[in-house]
Amino acid sequence: MKINRVMVIGAGQMGSGIAQVCAQAGYEVVLNDLKEEFLERGLNGITKNLSRSVEKGRMAEDEKETVLRRLTKSTDLQDAKEVDIVIEAAVENMEIKTKIFSQLDEIAPKHAILASNTSSLPITEIAAATKRPEKVIGMHFMNPVPVMKLVEIIRGLATTDEVYQAIEDMTKSLSKVPVEVEDFPGFVSNRILMPMINEAIFTLYEGVASKEAIDEVMKLGMNHPMGPLTLADFIGLDTCLYIMETLHEGFGDDKYRPCPLLRKYVKAGWLGRKTGRGFYSYE
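On a predicted model such as this, the values are computed, not experimentally measured, just so you know. (Residues numbered from 1 in each chain as written. Predicted model: local features only at pLDDT ≥ 70, side-chain atom pairs only at ≥ 80, totals over all residues. Heavy atoms only, no water.)

*Asks:* Describe the environment of Glu82, listing the residues and the values that go with them.
*Replies:* You can see Glu82 is positioned in the loop between strand S3 (71-74) and strand S4 (85-88). Put simply, Glu82 and Thr72 are 10 residues apart on the chain and 13 Å apart in space, counted from C-alpha to C-alpha. Setting aside its immediate chain neighbours within four residues, Glu82 contacts Arg5 and Pro109. (Helix = DSSP H or I, 4+ residues; strand = E, 2+ residues; numbered from the N terminus. Contact = heavy atoms within 4.5 Å.)

See below:
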């Protein structure tokens with residue numbers, strides 16, 4: 001199963017990062033989003049990342065230009081007609097994802113693999129929106145994509161060995177490390193990470209320590225590169241809440257109940273770095 005041409009859906013932080021690493025690995029990439037302005041923002045981010053690599057001597061200027069030439073902008077899903085794989089990196093919402101996959105199933109060629117970068121939603125349920133569940137798979141990249149080595153590969157109930165192998169091979173071609181994970185809510189990364197972040201929020205909520213103290217304990221005591229509250233701001237508190245709700249609903253276990261303080265901040269629009277305020281202020 002040869003993959004040459006890739007479509008990435010969503011030009012946000014994750015989608016543009018996935019598009020960048022695919023283009024750097026030599027794939028032809030169609031970057032798709034709803035509006036031209038979203039695509040421009042995504043491509044500007046990619047250009048900035050590549051320029052930084054040139055400045056640091058990791059990449060030659062002509063190599064940067066070659067990578068950028070491999071990227072094509074698209075605001076029409078019909079452009080999936082000539083790709084070998086689609087990697088969806090749209091908003092973390094089941095209704096939106098199943099709608100996209102249902103449309104892609106009609107448009108993409110029969111041989112094309114449909115992959116989702118979902119961080120917590122069941123691949124089997126996404127696959128059920130298509131007539132090719134055997135070709136649907138999870139490909140969960142870590143943020144920031146150009147830097148982080150891990151990709152969780154999640155099989156749906158019907159995913160074939162051939163499709164799994166093609167995705168594992170592609171992941172290695174991106175200089176990433178593939179790890180096979182079963183289709184459970186949150187997979188491995190977020191099933192472990194999000195309850196830890198949620199517990200840190202409970203620790204703040206209950207007045208056990210200040211936010212700075214909580215982050216310091218985890219950085220200096222557990223050797224984490226950043227504290228859990230700083231990390232939550234980086235991820236986005238709305239995303240953290242959505243994943244906790246997915247875990248809570250998926251397992252029906254109250255150990256995954258989102259902290260009331262997390263809900264309060266999200267309702268206030270304090271979503272972290274992207275809004276200028278979360279547990280910390282970024283203005």
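*Asks:* Any details on the UniProt feature "domain: 3-hydroxyacyl-CoA dehydrogenase NAD binding" (unreviewed entry) in the chain? Residues and values, ideally.
*Replies:* UniProt tags residues 6-183 as "domain: 3-hydroxyacyl-CoA dehydrogenase NAD binding" (unreviewed entry). Taken end to end, residues 6-183 is 41% helix and 21% strand, and its first and last C-alpha atoms sit 24 Å apart. (UniProt positions renumbered as here; feature names shortened; annotations may be inferred.)

*Asks:* Can you explain the side chain of Ser53? Please cite residues and give values.
*Replies:* Considering the arrangement of structural elements, one finds Ser53 in helix H2 (residues 36-55). Assessed through its relative accessible area of 17%, Ser53 is described here as buried. Once you skip the residues sitting within four places of it in the chain, Ser53 turns out to touch Arg58 and Met59. (Buried < 20%, exposed > 50% of the residue type's maximum accessible area, 1.4 Å probe, protein only.)

*Asks:* If you had to explain the layout of surface pockets to someone new, which residues and values would you point to?
*Replies:* Of the volumes computed, that of the second largest pocket is approximately 970 Å³. If you trace the second largest pocket, you find 34 residues lining it, with Gln20, Asn49, Val145, Pro146 and Val147 closest to the centre. Elements with a minimum of two residues in the lining of the second largest pocket: helix H1 (13-24) and H2. With 10 residues, H2 is the largest single contributor of residues to the lining of the second largest pocket. Among the residues forming the lining of the second largest pocket, the class breakdown is 13 nonpolar, 13 polar and 8 charged. (1 Å grid on protein atoms, 1.4 Å probe; cavity = no way out; pocket = protein on both sides within 12 Å on 5 of 7 lines; lining within 4 Å. Points joined across faces, edges and corners; volume = space filled by probe spheres on them. Nonpolar A, V, L, I, M, F, W, Y, C, P; charged D, E, K, R; others polar.)

*Asks:* Explain the pairing of strand S1 (residues 5-9) to me, using residue names and the numbers behind them.
*Replies:* Remark: a regular strand shows side chains that alternate across the two faces of the sheet. Burial of S1 is extensive: 4 of the 5 residues sit out of reach of the surface. Direction of pairing for S1 relative to strand S2 (residues 28-32): parallel, over a ladder of 5 bridges. Across the sheet, Met7 pairs through a bridge with Val30, a residue of S2. Crossover connection from S1 via H1 to parallel S2: handedness right-handed. Here S1 pairs with S4 via 4 bridges, running parallel. (Pairing = 2+ DSSP bridges. Right-handed = clockwise from strand over helix to strand, strands pointing away.)

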